[in-house]
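Working through the structure, step by step
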Amino acid sequence: MALGHDTVDSLGTVAALINTAATGPDALLTPADLDVFLARERFSGSRTHTAAELRAVRHLRTGLRQLWTADEERLAVGVNQLLRNARALPQVVRHDEWGWHLHCTSPAAPLEERLATEAAMALADVLRGGELDRLGTCAAPDCAAVILDLTRNRSKRYCDTGNCGNREHVRSYRSRRAATQKAAR
Ligand SMILES: [Zn+2]
Ligand SMILES: [Zn+2]
């Protein structure tokens, strides 16, 4: 079973949220940072623009990071917890430029609940489809980013943030060249 468009979009948002804390300085330190993140992810709906809202999203980010790398059983428990905490109530909706899709909260629900249920529904799809190997972490040793592997043969190894793939490529090229030079000596 392939993952649907909604699911892929939502998983992209989850990965982006997690990765605000994965490479370089934390990119979610102020309410303004949160505005930038939500605009980039085109995540609409009600906002309070308070410190409490930011704190709740940062807390969710930590939980989602754990779920991204969790095994199947723990992921299922975590997904159900997110849905229960937000008192999820599936609704089919159409808004902005998006066609019909599911929301599990009203547009007036707190931001963290709307983010949490969207993440939970997408992760539920991952579980249902047996697609857990799509959720990975960057192979660069000094990188904490998560990756969403949408390649056909599940071959994505590096994150899209911070050029890890290039860096690793240069590193392995240098070590190969060093090895050749040593052999030639
Ligand atoms: Zn929506
Ligand atoms: Zn990386």
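Before going into details, it helps to say that this report is about the structure given with it. (Residues numbered from 1 in each chain as written. Chains lettered and ligands numbered in written order. Predicted model: local features only at pLDDT ≥ 70, side-chain atom pairs only at ≥ 80, totals over all residues. Heavy atoms only, no water.)

1. Some details on the coordination of the zinc ion (ligand 2)
Binding of the zinc ion (ligand 2) to the protein goes through Cys138 (SG), Cys143 (SG), Cys159 (SG) and Cys164 (SG), at separations of 2.3 Å. For the zinc ion (ligand 2), the 4 donor atoms in the first shell make angles of 105 to 115° at the metal, so the coordination geometry reads as tetrahedral. One chain supplies every donor for the zinc ion (ligand 2), spaced along it as C-x4-C-x15-C-x4-C. Overall, Cys138 belongs to the buried group, its relative accessible area being 7%. (Donors = N, O, S within 2.8 Å, 3.2 Å for Na, K, Ca; no water. Tetrahedral: all angles 85-135°; square planar, octahedral: opposite > 155°, others 65-115°. Buried < 20%, exposed > 50% of the residue type's maximum accessible area, 1.4 Å probe, protein only.)

2. Some details on the pairing of strand S2 (residues 98-103)
Bridging between strand S1 (residues 91-95) and S2 involves 4 bridges; their strand directions are antiparallel. By the bridge assignment for S2, His95 is matched with Trp98. Hairpin connection of S1 to S2: 2 residues between the antiparallel strands, including Asp96 at a positive phi of 45°. (Pairing = 2+ DSSP bridges. Helix = DSSP H or I, 4+ residues; strand = E, 2+ residues; numbered from the N terminus.)

3. As for the environment of Ala76
Note on placement: Ala76 falls in helix H4 (residues 72-85). Its relative accessible area of 26% is what places Ala76 among the partly exposed residues. Sequence-wise, Ala76 and Glu112 are 36 residues apart; in three dimensions their C-alpha atoms are separated by 19 Å.

4. Notes on the coordination of the zinc ion (ligand 1)
Distances from the zinc ion (ligand 1) to its protein donors, namely His95 (NE2), His101 (NE2) and His103 (NE2), fall within the range 2.0 to 2.1 Å. On the primary sequence, the residues serving as donors to the zinc ion (ligand 1) are separated as H-x5-H-x1-H. What makes His95 partly exposed here is its relative accessible area of 22%. Overall, His101 belongs to the buried group, its relative accessible area being 14%.

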